[in-house]
Amino acid sequence: LSSDLRMKFEDLLSEINGFGRFQKMVLCINFFGRFSLACHFLLGNFIAVIPSHHCSISSLDVDEIFENLTQEERLTVSIPVQDDGTPASCHMFSYPQFHLLSNFSSPSEVAVVQCQNGWEYDNSTFISTLATQWDLVCDKRALSRLTTTIFFIGVMFGAAAFGSLSAMFGRKPMLLVSHMLGMGFGLCSAFSSSFIMFAVLRFFTGFTITGSVIISTILNVEWVSIKHRKLVGVIDSLSWTFAFMSFPLVAYFIRDWRWLTVAISLPTVTAIITWWWVPESARWLIANGRVDKAHYYLHKCAVMNRKKEVVVRNRKYSYLDLVRTPKMRKLALLTGITWFAVATVAYGISFNISSFGLNRYLTQFVYGAIEIPAKLSIYYLLDKFGRRITQAGSLLFVGISLMINIFIPKDKSVARTVIAVLGKGCSATSFGTVILYSSELYPTVVRQNGMGYNSFVARLGVSVAPLILLSDDVWNHFSQVILSSLGLSAAFVAYLLPETRGRCLPETIEDVEGIRYGYVEKLSSLGN
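Residues numbered from 1 in each chain as written. Predicted model: local features only at pLDDT ≥ 70, side-chain atom pairs only at ≥ 80, totals over all residues. Heavy atoms only, no water.

Across all of its chains, the model carries nine salt bridges by this definition. Put simply, Glu 222 and Arg 171 hold a salt bridge, and the shortest N to O gap is 2.9 Å. Here Arg 171 lies in helix H8 (residues 171-189) and Glu 222 lies in helix H9 (residues 195-222), a separation of 51 residues in the sequence. With relative accessibility at 1%, the residue Arg 171 sits in the buried group. (Salt bridge = Lys/Arg side-chain N within 4 Å of Asp/Glu carboxyl O. Helix = DSSP H or I, 4+ residues; strand = E, 2+ residues; numbered from the N terminus. Buried < 20%, exposed > 50% of the residue type's maximum accessible area, 1.4 Å probe, protein only.)

By definition, a disulfide links the sulfur atoms of two cysteines through a covalent bond. By the definition in use, this model includes two disulfides. The disulfide that involves Cys 55 links it to Cys 115, with 1.8 Å between the sulfurs. Taking the torsion about the sulfur-sulfur bond, which here is approximately -65 degrees, the covalent link between Cys 55 and Cys 115 counts as left-handed. Residue Cys 55 is found in strand S1 (residues 53-55), and its partner Cys 115 is found in the loop between strand S3 (112-114) and strand S4 (119-121); the two are separated by 60 residues along the sequence. Disulfide pairing is shown between Cys 90 and Cys 138; the S-S distance is 2.0 Å. The disulfide joining Cys 90 to Cys 138 has a torsion of about -105 degrees about its S-S bond and is therefore left-handed. Remark: Cys 138 occurs in the loop between helix H6 (130-134) and helix H7 (141-169) and Cys 90 occurs in the loop between helix H5 (71-78) and strand S2 (91-93); sequence separation between them is 48 residues. Ordering the disulfide-forming cysteines of the chain by sequence position, one finds them joined as 1-3, 2-4. (Disulfide = S-S within 2.5 Å.)

Turning our attention to the packing of H9 against helix H10 (residues 229-253). It is the contact of H9 with H10, at a shortest axis distance of 10 Å, that shows an interaxial angle of 155 degrees. As the angle between them shows, H9 and H10 are arranged roughly antiparallel. Of the two possible hands of crossing, H9 and H10 adopt the one that is right-handed. Listed contacts from H10 to Val 213, Thr 217, Asn 220 and Val 221 of H9 are Arg 229, Val 232, Asp 236 and Trp 240. By residue class, the composition of the contact of H9 with H10 is four nonpolar, two polar and two charged. (Axes fitted to C-alpha atoms, helices over the stretch in contact; angles between N-to-C directions. Parallel < 35°, antiparallel > 145°, perpendicular 65-115°, else oblique. Left-handed = near helix turned anticlockwise from the far one by under 90°. Contact = heavy atoms within 4.5 Å. Nonpolar A, V, L, I, M, F, W, Y, C, P; charged D, E, K, R; others polar.)

What follows is about helix H2 (residues 21-33). Over its 13 residues, H2 extends 18 Å from the first C-alpha to the last, a length consistent with the 18 Å expected when each residue adds 1.5 Å. Residues of H2 that are buried include every one of Phe 22, Gln 23, Met 25, Val 26, Leu 27, Ile 29, Asn 30, Phe 31 and Gly 33, and no others. (Expected span 1.5 Å × (residues − 1).)

Further remarks concern the packing of H8 against helix H11 (residues 257-265). Closest axis-to-axis distance for the H8/H11 pair is 8 Å, and the angle between their directions is 165 degrees. Considering their axes alone, H8 and H11 lie roughly antiparallel with respect to each other. Seen along the crossing, H8 lies across H11 with a hand that is left-handed. Mapping the contact onto sequence places Met 183, Gly 186, Leu 187 and Ser 189 in H8 and Trp 257, Thr 261, Val 262 and Ser 265 in H11. In terms of residue class, the contact of H8 with H11 is made up of four nonpolar, four polar and no charged.

So, on to the nonpolar core. Counting 84 residues, the largest nonpolar core has Trp 223 and Tyr 347 as the members making the most contacts within it. If you tally residues by element for this core, the top one is H9, at eight residues. The residues that make up this core include at least three from each of domain 1 (1-44 + 134-316) and domain 3 (324-527). When residues no more than four places from it in sequence are discounted, the contact partners of Trp 223 are Leu 13, Gly 18, Phe 22, Gln 23, Pro 279, Glu 280, Ser 281, Ala 282, Tyr 297, Leu 298 and Cys 301. The next biggest cluster of nonpolar side chains, apart from the first, holds 16 residues, and it includes Tyr 317, Met 328, Leu 331 and Ala 332. (Core = buried A, V, L, I, M, F, W, Y, C linked by side-chain atoms within 4.5 Å. Domains from an automatic or database assignment.)

Here the focus is the UniProt feature "transmembrane region" (unreviewed entry) in the chain. Here, UniProt's "transmembrane region" (unreviewed entry) annotation points to residues 31-50, 150-169, 181-201, 207-224, 231-253, 259-278, 331-349 and 389-408. Helix makes up 75% of residues 31-50 and strand 0%. Its end C-alpha atoms lie 33 Å apart. Helix makes up 90% of residues 389-408 and strand 0%, whereas the separation of the span's terminal C-alpha atoms amounts to 29 Å. (UniProt positions renumbered as here; feature names shortened; annotations may be inferred.)

What follows is about the side chain of Thr 217. Take Thr 217: it is sitting in helix H9. Looking at Thr 217, its side chain comes within polar contact range of the side chain of Asp 236, at 3.3 Å. When near neighbours in sequence (up to four residues on either side) are disregarded, Thr 217 contacts Arg 34, Asp 236, Ile 435 and Met 451. (Polar contact = N/O pair within 3.5 Å; in protein donor to acceptor, adjacent residues only side chain to side chain.)

Our next topic: empty space enclosed by the protein. Put simply, the largest cavity is a space of about 160 Å³. What lines the largest cavity is a set of 15 residues, and nearest its centre among them are Trp 240, Phe 244, Tyr 347, Lys 375 and Phe 431. Elements represented by at least two residues in the lining of the largest cavity include exactly H10, helix H15 (326-350), helix H17 (371-384) and helix H19 (413-441). By residue number, the principal contributor to the lining of the largest cavity is H19, which donates six residues. In terms of residue class, the lining of the largest cavity is built from seven nonpolar, four polar and four charged. For the lining of the largest cavity, the two domains that each supply at least three residues are domain 1 (1-44 + 134-316) and domain 3 (324-527). (1 Å grid on protein atoms, 1.4 Å probe; cavity = no way out; pocket = protein on both sides within 12 Å on 5 of 7 lines; lining within 4 Å. Points joined across faces, edges and corners; volume = space filled by probe spheres on them.)

Okay, the side chain of Lys 230 next. When you line up the elements, Lys 230 lands in helix H10. Within the local environment of Lys 230, its side chain forms a polar contact with the side chain of Asp 383, the two groups lying 3.4 Å apart. If near-sequence neighbours (up to four positions away) are discounted, Lys 230 is found in contact with Tyr 379, Leu 382, Asp 383, Arg 387 and Leu 436.

Once that is clear, we can look at the confidence of the model for the chain. Of all residues in the chain, 89% have pLDDT values of 70 or greater, and the mean over the chain is 83. With pLDDT under 50 throughout, residues 1-7 is counted as low confidence; its partners more than four residues away or in other chains account for 14 contacts. (pLDDT = per-residue confidence, 0-100.)

Written out as structure tokens, the structure is:
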């Protein structure tokens, strides 16, 4: 390697081909390595479902007096009726009310009690869910949805942990740790013997599996040249779309929550096997003074890309470096707010698949399918308008679509679903853009820390998304108002970020602060 360590890494990549067979191999491996992660993010939409249910009436069948009654008649004499004409979910009569078989008596005249001997569930759609497994209904109803929040709290802390660990020990080893532990905890959670055990294992599944997404994203970006970062960002985000579209098909055929969890955890085996071909980030190696190892991977890249070998600081960085200097602090604040809003809104829409009155599996599939044109459009939008306008514009349209849905009556399920799908498409564009955009804003020495911090904030947003949806119990449109306000506010915040289109990735904090000679012209200050 040359002694000219100041040479820009982009110049080096251009000489050995910044998007050759080597980079395509890395991109392909990371693309399929994300399948399990994305499926785990949506798992709660199917395993946390609470099917129709009513109190078990076996205790009322004294001396088999029900044997001559039809099922409908048994329910009539045992379970009070709700306003919509369906059996009550949480109450039953204390003893059989046979007089109700005659039409001259009203159920309201009869005292009721809470369910005494468990519940009977409608298994026509789901063989088994968390609710049917551990009776998470009535006063325990919130626990079923709480598992999603617990999972994303794990993801949130995992993002921070793996961001720091991969910055300390390297991208490649921590990627393997994430794959192996994520799969292990995922499989173990499928065989939980209690709800508490499942909740704890879901936390650790989220904690460990999140490393794969932030590390693979950084590896993809750090190995490609400037002009190909946009394409890589789009392909990278399409990996989520691939999983989002595939998952409802898997869930359609596997209706038992345990086997569905196993089915989406096992594909990580492929990621573990292909990990051996994943290179360490040469940028990270150079930034940490491991020039010889960087040369090894650059040599492999040059050989695979059939290019001649070319050329090519030693301080440890931490999360504190994100806030030590003024422009880094501003960058961390603006990207943090943007990531929080992007994630909260995107998953607020994704988790809300049952409120439109249409088929759950079809809605989930359409939510995934709309991401294909949405994310392909990123390639054109980033080139035509740049990162900042695309990010702010997509958030603006998400906020507007959510606001429109507030004024569409509930009985217009098709219209509401169409608007929600359009909003989902805009949120997919927003999510695909923010990942690439942020990785270009942070300098190499703290890029993994920056992405770890942003991912932490995003998972905080995802964690509160299910809780925001619960606010509809207060007012039907409360959650839509909150999500819409977040989208519109974040659009303004994203517009304050600097443009990065066509510019070199910053290598040091000094590059971002604009105090390194020759770099001021390459990255506009955060004040512009």
